[in-house]
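# Notes for the structure review
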Amino acid sequence: MKKSTFALISGVFAIIFMLPALLSSCGGRDKGGAGLSDSYTKAEGMIWNTAYHFTFRGPESLADSAIKVLEEVGRSLNVFDTTSLVSRVNRGDSVPVNTDFIRVYVTSKRINKISKGAFDPTLGPLIAAWGFGPGHKATSDTARIDSLLAICGIQKTRISHDALVKENQAISFNFSAIAKGYGCDRVAEMLSDNGVKDYLIEIGGEIRAAGVSPSGDDWRISVDRPVIGAPADSREAACIVAFTDMGMATSGNYRNFHSEGGKIYGHTISSQTGRPVQTDVISATVLAPTAMEADALATAFMATGSEGAREMNKSLRLPVMLILTDSTVWSSPQFEALMPKE
C-alpha cells in the first residue's frame, strides 16, 4: 500500500499512515463472520495531489463514485483551483455558496470559537505571505503582517441565505486544514447511503472509519513519530490506535516548514500574531466524530500549544495525543483507551 505524500490542497502535512498490516485486527471480535476479507474492495490513487486509500465492504463501482464525490468537493473547496467556488468567493464574485461550502464554513466558525481563534481558515493571505499558499513560494514580508491581519478573521464574515457576506471584501478563505477531512466524511456518507457499513477512508493521512476491518475488528492505525526535516518516505511509529466510527487527523510542522536565517518557520500560522506558530507542540493527533472536526482541531491544538490544547480538551473530552518539543508525550484518557494493550 502506498504511503501518503504532501497534499498541495492542504496546509497541514498528514503524518498519519496506515500500517502495512493495517487490515489486521486488534483481536477476536467478529461482527460479520468468517471470510470477511474476501468481500472487501481496496482502491488507491491520487486526488488533490495527494494519495488516497479506500477499503470498504461493497462493490468496486463505489470506488469510482467516491472519486466523483471528491472531485465535487474539490470544485467547491480547492483553493488551488482558480475556478473553484472558494476561489470565486475569494475574488469577490457574486456567487451562491453550496452545501459543501456551508458545511465546512459552519464547522470552521464553530471550531474558531472553541479555539479562541487558533483555527481560522481566513488566514490565506498570511499563509501565502509565508510561502505555504498556492505556488508555495516564500514571499514573506513581515512589514506587511499587521495589514494582512486586518483582512483576516472568520468572525468578520457570515452566511446570509446562500451568500457569503464579508466585512472586508479582501477577506479570503483557505480550507486546507479541514478540506481533506471533509472529503473523507463525504465519501463515508456516500458509502453509507449505498448500504456500506464497514469502511476506512484515508486521504492524505486524514481518516474516517466505520464498522470493522476485514478481520472483523476495529481498524488499526499507526501515528508517525515526528522528526524535524525527515523525508516523506521516512517513518517511525509513535503509537498505534484502534478505533471505529470516528474520524482521525494529525497536524505537524516537522516536515512542512521553511528555514530562513537559521530559524524554522512552520506552516501553522497564528491568527493573533500573523506569524508561524512557535509552540511546544510539534505533533497533534485528534479523533472526533467526523474527520472534518478532527482535521480542524488538530490544527487548533498545534497552534495553541500544549497548555491551551489540554484546557480546550477538558470540555471536548476527545482522544488527543500531543508530542512536544522536549520529546515527551501527553495523551488524554480517551486516547489511551484506544491504544491496544497487546
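Up top is the structure these notes are about.
Residue indices begin from 1 for each chain and proceed along its sequence in written order. For a predicted model such as this one, the threshold for reporting local features is a pLDDT of at least 70, and the threshold for listing and counting side-chain atom pairs is 80 or more; totals across whole chains, interfaces and linings nevertheless cover every residue. In computing side-chain values, all of the structure's heavy atoms are included and hydrogens and water are not.

Right, let's talk about the sheet that holds strand E6 (residues 199-203) for a bit. The antiparallel open sheet is built from eight strands, whose spatial order is E2-E3-E6-E7-E10-E13-E14-E15. Each end of this open sheet is capped by a strand with a single partner; those strands are strand E2 (40-47) and strand E15 (329-331). In this sheet, neighbouring strand axes are inclined to one another by 10 degrees on average, regardless of whether the strands run parallel or antiparallel. DSSP bridges decide pairing: two strands pair if at least two such bridges lie between them. Strands here mean DSSP runs of E at least two residues long; helices mean DSSP runs of H or I at least four residues long; both are numbered from the N terminus. Sheet topology places strand E13 (residues 281-288) next to strand E14 (residues 320-324); five bridges connect them, and they run antiparallel. The residue bridging Thr 285 from the neighbouring strand is Met 321, located in E14. Contacts from helix H6 (residues 176-193) reach strand E3 (50-57), E6 and strand E7 (206-210) within the one sheet, and its direction differs from that of E6 by about 150 degrees. Of the strands in this sheet, E7, strand E10 (246-252), E13, E14 and E15 are in contact with helix H7 (residues 291-316), which crosses E13 at around 125 degrees. Lines fitted to the C-alpha atoms define the axes, with helices restricted to the stretch that makes contact. Angles between their N-to-C directions range from 0 to 180 degrees. Here, residues are in contact when the closest pair of their heavy atoms is within 4.5 Å.

What follows is about the packing of helix H3 (residues 99-114) against H6. For the pair H3 and H6, the least separation of the axes is 11 Å and the interaxial angle reads 125 degrees. Accordingly, the angle class assigned to the pair H3 and H6 is oblique. Relative to H6, the crossing made by H3 is right-handed. Here Thr 99, Asp 100, Arg 103, Val 104, Thr 107 and Ser 108 of H3 lie close against H6, whose contacting residues are Ile 178, Tyr 182, Arg 186 and Glu 189. The classification used treats Ala, Val, Leu, Ile, Met, Phe, Trp, Tyr, Cys and Pro as nonpolar, Asp, Glu, Lys and Arg as charged, and all other residues, Gly among them, as polar. Tallied by class, the residues present in the contact of H3 with H6 amount to three nonpolar, three polar and four charged. By definition in this entry, angles of less than 35 degrees are roughly parallel, angles greater than 145 are roughly antiparallel, angles of 65 to 115 are roughly perpendicular, and the rest are oblique. Rotating anticlockwise by less than a right angle from the far helix to the near helix defines a left-handed crossing, while the corresponding clockwise rotation defines a right-handed one.

Our focus in this paragraph is helix H1 (residues 61-77). Here a helix's expected span is defined as the number of its residues, less one, multiplied by 1.5 Å. Between its terminal C-alpha atoms H1 stretches 25 Å, which fits the 24 Å expected from 17 residues at 1.5 Å a residue. Accessibility here uses a 1.4 Å probe with only protein chains present; expressed as a share of the type maximum, an area under 20% marks a residue as buried, one over 50% as exposed, and anything in between as partly exposed. Of the residues making up H1, those classed as buried are Leu 62, Ala 63, Ala 66, Ile 67, Val 69, Leu 70, Val 73, Gly 74, Ser 76 and Leu 77. In this structure, the buried residues of H1 make contact with E2, E3, helix H2 (85-91), H3, H6 and E6.

On to the packing of aromatic side chains. In this scheme Phe, Tyr and Trp rings, the latter by its six-membered ring, pair at centre separations within 6.5 Å, and the angle between planes marks the pair as stacked below 30 degrees, edge-to-face above 60, and tilted otherwise. Considering all chains together, one arrives at seven aromatic pairs under this definition. Ring centres 4.6 Å apart and planes at 25 degrees place the aromatic pair Tyr 52 and Phe 54 in the stacked group. Following the ring pairs from residue to residue traces out a cluster consisting of Phe 101, Tyr 105, Phe 173 and Phe 175.

A few words now on H7. Given a rise of 1.5 Å per residue, 26 residues ought to cover 38 Å, yet the end C-alpha atoms of H7 are separated by just 15 Å, more than 12% below that figure. To get the bend at a given residue, fit one axis to the seven residues ending there, fit another to the seven starting there, and take the angle between those axes. Of all the bends in H7, the greatest measures close to 130 degrees and is centred on Gly 305. One or two residues past the end of H7 sits Arg 317, with phi positive at roughly 55 degrees.

With that settled, consider the pattern of salt bridges. Should their charged atoms come close, side chains of opposite charge can pair. For this analysis, a salt bridge means a side-chain nitrogen from Lys or Arg found within 4 Å of a carboxyl oxygen belonging to Asp or Glu. This structure, assessed with the given rule, holds ten salt bridges. Close ionic contact of Arg 88 with Asp 93 constitutes a salt bridge, the shortest N to O distance being 3.5 Å. A residue is classified by how much of its surface remains accessible, and Arg 88, at 34% relative accessible area, is partly exposed. Here Asp 100 makes a salt bridge to Arg 186, at a shortest N to O gap of 2.9 Å. Separated by 86 residues along the polypeptide, Asp 100 in helix H3 and Arg 186 in helix H6 bring together distant segments of the chain. Asp 100 gets classed as buried once you look at its relative accessible area, which sits at 4%.

Let us now look at the packing of H1 against H3. Interhelical geometry of H1 versus H3 gives an angle of 70 degrees and a closest axis separation of 9 Å. It follows that H1 is roughly perpendicular to H3 by the angle criterion. In terms of crossing hand, the pair formed by H1 and H3 is right-handed. The segment H1 lies against H3, with Glu 72, Val 73, Ser 76 and Leu 77 engaging Asp 100, Phe 101 and Val 104. Grouping the constituent residues of the contact of H1 with H3 by class yields four nonpolar, one polar and two charged.

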